[in-house]
Amino acid sequence: MSEILEGLNETAKSKVSGLQEYFILAGKSLRFVVARPFYGQDVVQQMDEIGVKSLGIVLLTGLFTGMVLALQSAVQLKTFGATMYIGNLVSASMIRELGPVLAGLMVAGRVGSGIAAQLGSMRVTQQIDALNTLGTDPIKKLVTPRVVAALVMLPVLTIINDFVGIIGGNLIATLLEGLPSSQYWRTVWVQISADGFTMRYVPNDFVQGLSKPLVFGGLISITACYFGLNTTGGTEGVGHSTTRTVVTSSILILVVDYFITQILLSVLNYG
């Protein structure tokens, strides 16, 4: 019995220690954003890797998600003769929830795994130790550019995802349901404006839809860097780090999404 308790105690200690290291890494990476030297070229390179190269999968995801939303909405709305409101449902779903979450999950799968594999390979081949020997902080050189790039590019990808999703809904509403395109876009705007504005000009839906990917970008990049930098066990360890990054990032996105939604619904006073 004592051995079981001791084992549980050691496991709990390691988990708490890992959580502490995670937040220390997050704090250092954000603090180094305003500290010199600033590796601008690395940031631009990571923005290309995280944002531009993820554009294809985000476009595909957004388009078919919007089309499916419109298709399913039309089936239900036909019962009440209210197919004119397809635009309301598609825009609200994409901007508030599906756009940020799906963009985050796609980036976590594609970019998070890549970052973990790259940093993990550098760890097991002792390249990170070489950076320390040369007097270069690995967190500032490797982690901070990736975090900054993710914080910038994930909201951009989310905007694109939302817009393409709404266009996908427009295609279904127009081609299959015979709804005029002008009426579809009118209902989209009615839905956005009906939920109120922050500071008189910024729609509340935009505040909710763009604050989430900002948080998701930080979660994905820091989680990937954490598992990558803590890789052990050679090439097999790199595979484990990659898997843990994708699983952990996806779970964090879904869990944190709930709490952000709950907070924003209270703060923005949705009717």
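Structure's up top.
A brief structural summary. (Residues numbered from 1 in each chain as written. Predicted model: local features only at pLDDT ≥ 70, side-chain atom pairs only at ≥ 80, totals over all residues. Heavy atoms only, no water.)

## Some thoughts on the overall build of the protein
The number of helices and strands found in the protein is nine helices and two strands. Counting helices and strands in the order they occur from the N terminus, the protein gives α-α-α-α-α-α-α-β-β-α-α. Projected onto the principal axes, the alpha-carbon positions of the protein cover approximately 65 × 55 × 35 Å. Relative to its 271 residues, the protein shows a buried fraction of 44%. Sequence separation of at least 24 residues holds for 81% of the intrachain contacts in the protein that already meet a minimum separation of 6. For the protein, the exposed area adds up to about 14,100 Å²; of that, 66% sits on carbon and sulfur atoms. On the protein, the mean spot of the 17 positive side-chain charges and the mean spot of the 16 negative ones are 7 Å from each other. (Helix = DSSP H or I, 4+ residues; strand = E, 2+ residues; numbered from the N terminus. Buried < 20%, exposed > 50% of the residue type's maximum accessible area, 1.4 Å probe, protein only. Contact = heavy atoms within 4.5 Å. Areas by Shrake-Rupley, 256 points an atom, 1.4 Å probe, with all protein chains shown as cover. Lys, Arg positive; Asp, Glu negative; His and termini not counted. Charge placed at Lys NZ, Arg CZ, Asp CG, Glu CD.)

## Things to note about the pattern of salt bridges
Scanning all chains against the criterion turns up eight salt bridges. Here Glu177 ties to Lys78 by a salt bridge, and the two come within 3.4 Å at their closest N and O atoms. Placement of Glu177 in the loop between α6 (138-175) and α7 (181-194) and of Lys78 in helix α3 (residues 55-78) is noted, with a sequence separation of 99 residues between them. The shortest N-O distance in the salt bridge between Asp129 and Arg123 comes to 3.4 Å. We classify Arg123 as partly exposed; its relative accessible area is 25%. Connected via shared salt-bridge partners are Glu49, Lys53 and Arg110. (Salt bridge = Lys/Arg side-chain N within 4 Å of Asp/Glu carboxyl O.)

## As for helix α2 (residues 40-50)
Of the positions making up α2, those classed as buried are Asp42, Val43, Gln46 and Ile50. Down the axis of α2, the buried side of the element spans an arc of 100 degrees, and every buried residue falls inside it. In α2, those exposed residues whose orientation departs by more than 90 degrees from the buried face are Gln41 and Val44. (Arc of directions from axis to C-beta.)

## Some words on the packing of aromatic side chains
Across all of its chains, the model carries six aromatic pairs by this definition. By the ring-pair criterion, three or more aromatic residues cluster together here, those being Tyr22, Phe23, Tyr226 and Phe227. (Phe/Tyr/Trp six-rings, centres within 6.5 Å; stacked < 30°, edge-to-face > 60°.)

## Considering the environment of Asp42
Within the fold, Asp42 resides in helix α2. With 107 residues separating them along the chain, Asp42 and Ala149 place their C-alpha atoms 9.2 Å apart. The residues touching Asp42, leaving out its near neighbours within four places in the chain, are Lys141 and Pro145. Side chain to side chain, Asp42 and Lys141 meet in a polar contact 2.9 Å long. (Polar contact = N/O pair within 3.5 Å; in protein donor to acceptor, adjacent residues only side chain to side chain.)

## So, the nonpolar core
Core analysis: the largest hydrophobic core is formed by 37 residues, its most contacted members being Leu25, Ile50, Val107, Leu119, Val143 and Phe216. Mapped by element, the contributors of at least two residues to this core are α1 (2-31), α4 (86-124), α5 (127-133), α6, α8 (204-229) and α9 (234-267). Among all residues touching Phe216, those that are not within four sequence positions of it are Pro100, Val101, Leu154, Ile253, Val256, Asp257 and Ile260. By size, the runner-up hydrophobic cluster in this structure holds 16 residues, among which are Met94, Ile166, Val188 and Ile192. (Core = buried A, V, L, I, M, F, W, Y, C linked by side-chain atoms within 4.5 Å.)

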